[in-house]
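If you want the building blocks of each chain, they are given just below.
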Amino acid sequence: MLGMPAGGKCGRQQYGMRPPMNPICANATTMADETRNLADRPAVLAVVVPTFNERDNIEEVVRRVGRVLEGLAWEIIFVDDDSPDGTAELAGRLGQLDARVRCIRRIGRRGLASACIEGICSTHCEYVAVMDADLQHDEGLLREMFERTRRDGLDLVIGSRFVGEGSYGEMPPLRQKMSRLATWLGTTLLRTRLSDPMSGFFLVRRETFMRHAGRMSGKGFKILLDYVTTADNQLKIAELPYHMRARQQGQSKLDTLVLWEYLLLICDKTIGRFLPVRFLFFGLSGLVGAVFHLAVLRVGLTALALPFLAAQGLAVYIAMTLNYFTNNRFTYADRRQRGIKLLGGLGKFYLACSPGAALNLTIAGYLYYGEGVTWWVAGLLGVMVAAGINYTLVSANTLDKNG
Ligand code: GDD
Ligand code: MN
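Conventions used here
Residues numbered from 1 in each chain as written. Chains lettered and ligands numbered in written order. Predicted model: local features only at pLDDT ≥ 70, side-chain atom pairs only at ≥ 80, totals over all residues. Heavy atoms only, no water. 1 Å grid on protein atoms, 1.4 Å probe; cavity = no way out; pocket = protein on both sides within 12 Å on 5 of 7 lines; lining within 4 Å. Points joined across faces, edges and corners; volume = space filled by probe spheres on them. Helix = DSSP H or I, 4+ residues; strand = E, 2+ residues; numbered from the N terminus. Nonpolar A, V, L, I, M, F, W, Y, C, P; charged D, E, K, R; others polar. Near = heavy atom within 4 Å. Polar contact = N/O pair within 3.5 Å; in protein donor to acceptor, adjacent residues only side chain to side chain. Sits in = over half its atoms within 2 Å of the grid points. Donors = N, O, S within 2.8 Å, 3.2 Å for Na, K, Ca; no water. Buried < 20%, exposed > 50% of the residue type's maximum accessible area, 1.4 Å probe, protein only. Core = buried A, V, L, I, M, F, W, Y, C linked by side-chain atoms within 4.5 Å. Contact = heavy atoms within 4.5 Å. Salt bridge = Lys/Arg side-chain N within 4 Å of Asp/Glu carboxyl O. Expected span 1.5 Å × (residues − 1). Arc of directions from axis to C-beta.

Peer 1: I'd love a proper account of the layout of surface pockets, names of residues and values included.
Peer 2: Here the second largest pocket is characterised by a volume of approximately 840 Å³. Every residue lining the second largest pocket is counted, 42 residues in all, and those nearest its centre are Leu112, Arg175, Phe221, Lys222 and Leu254. Those elements that provide at least two residues to the lining of the second largest pocket are β1 (45–51), α4 (112–121), α6 (173–190) and α9 (256–269). Looking at which element gives the most residues to the lining of the second largest pocket, the answer is α6, with six residues. The residue inventory of the lining of the second largest pocket, partitioned by class, reads 23 nonpolar, nine polar and 10 charged.

Here it is in structure tokens:
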């Protein structure tokens, strides 16, 4: 039993405080009546819940949201990134029992912020709340958030752990410290006046949000910070305190990639105004790679006394290996390869890079042996041409998948 509908035998009061369509059968509303009631009253408040592997939590989320928002016309939208644990299937079954439950299932995509943005874009409701699926956010605050936004004509109401009675609740001390550091970094560098810019629990007036959505970065976890800085701190905002709870079921998805993306977001919103951050990082990592390559080439030539082509080959493969392991470290925890799969992946990576590597060696060898160019110029030019080829191949491949 999925535990719904929650509102009485025929569940009528779930759809708001309207009188029944057919007063004679007040206690025996039919499915058709329910649907008509729903169609009569389009939802005014949507609750967007991003999910990745949250199967054991979502039913409880629906139950609690239904309880708190009873009497209001609401809907709940799960935005699931094709969770392997079957979250979307369960959300679909919940939706068959209650039309106010919907699920957007994204295939081949990942990302908390972009999931929230898509959820907000998918609804016609005037007000949209965003809340995690793991029950860490206090759904009891939803009604007050909604009423405050309407009453005071606000654009954004944030559930904050740092105003009034708000708190981290049972969050482990190390996570609290990390979170404080990230908050400090965000507020100082981006000059926001929010007490809790990291909060993933907030409510927006959709019309205002849509005016800025196109310019948001949509990367990583920090959608709120992204929104507020994109809107240039010009929103009418209130913060309401809440106690954060411990995660109910499952695991947190915060990992090194999330932290990295947070730094990217900060760069994007600061120096990004003057220089595209991707370009900057591409240049920076290219520089580090080139210096590293030359160092290995030099060691190969001098300490190992290898011939030029062998030393260049060694440097290329060491750099490739390092590249592979760093990439693997920084991908989403659930897609990270381990053990034998990690080695298999390395083999495939070598294979994929080998046309570039062959070109690299051909060019470097031709320049060094054929034209008498000095070792480091020959080595570097080989790397640069190969990097250009690899970059083109990779972007073509990525565009194929996402664009
Ligand atoms: N669709 C989708 N895609 N959902 C995701 C993804 C993703 O790639 N990653 C995480 N989620 C969902 C989770 O299923 C959960 O419902 C919610 O986003 C938050 O993820 P958690 O893994 O529970 O994150 P957290 O508890 O570490 O971080 C939360 O609290 C922080 C404050 O300490 C988030 O709300 C952060 O935004 C918030 O800053
Ligand atoms: Mn969480």
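Peer 1: Account for the site of ligand 1, naming residues and giving values.
Peer 2: Among the 27 residues in the neighbourhood of ligand 1, the closest are listed as Glu54, Arg110, Asp132, Met198 and Lys253. Between Asp132 and ligand 1, the recorded distance is 2.5 Å, taken from a side-chain N or O atom to an oxygen atom. A distance of 2.8 Å separates an oxygen atom of ligand 1 from a polar atom in the side chain of Gln136. More than half of the atoms belonging to ligand 1 lie within 2 Å of the grid points that define the second largest pocket. Counting only elements with at least two residues in the shell around ligand 1, the list comes to β1 and α4.

Peer 1: Residues and numbers for the side chain of Gln312, please.
Peer 2: Residue placement: Gln312 occurs in helix α11 (residues 308–329). Within the local environment of Gln312, its side chain forms a polar contact with the side chain of His293, the two groups lying 3.0 Å apart.

Peer 1: Which residues make up the coordination of the manganese ion (ligand 2), and what are the values?
Peer 2: Looking at the manganese ion (ligand 2), one finds its protein donor set to be Asp134 (OD) and Gln136 (OE1), positioned 1.9 to 2.0 Å from the metal centre. According to the relative accessible area criterion, Gln136 is buried, its value standing at 16%.

Peer 1: Tell me about the nonpolar core, and name the residues and values.
Peer 2: Within the largest apolar cluster, 35 residues are counted, with the highest numbers of intra-cluster contacts made by Val47, Val65, Ile76, Phe78 and Leu142. Contributing elements (two or more residues each) for this core: β1, α2 (55–68), β2 (74–80), α3 (87–97), β4 (127–130), α5 (142–152) and β7 (237–241). Dropping the residues within four chain positions of it, Ile76 is found in contact with Val47, Val49, Val61, Val62, Val65, Arg100, Val101 and Arg102. Ranked by size, the runner-up nonpolar core spans 27 residues in total, among them Val79, Cys125, Val130 and Phe202.

Peer 1: Can you tell me about the pattern of salt bridges, naming the residues and giving the values?
Peer 2: A complete count under the given rule lists 21 salt bridges for this structure. Residue Arg105 pairs with Asp82 through a salt bridge whose shortest N-O separation is 2.9 Å. Taken together, the residues span a long stretch of sequence, with Arg105 in strand β3 (residues 101–105) and Asp82 in the loop between β2 and α3 at a distance of 23 residues. Taking relative accessible area as the criterion, Arg105 reaches 40% and is therefore assigned partly exposed. Its relative accessible area of 29% is what places Asp82 among the partly exposed residues.

Peer 1: With reference to specific residues and values, describe α6.
Peer 2: Relative to the 26 Å expected for 18 residues at 1.5 Å per residue, α6 spans 25 Å between its end C-alpha atoms, a close match to the ideal helical length. The complete set of buried residues in α6 reads Ser179, Ala182, Thr183, Gly186, Thr187 and Leu190. End-on, the buried residues of α6 take up no more than an arc of 125 degrees, which puts them together on one face. Of the residues in α6, the exposed ones pointing more than 90 degrees away from the buried face are Pro173, Leu174, Lys177, Leu181 and Trp184. Contact partners of the buried residues in α6: α8 (223–230) and α9. Once α6 ends, the next one or two residues include Arg191, with phi positive near 50 degrees.

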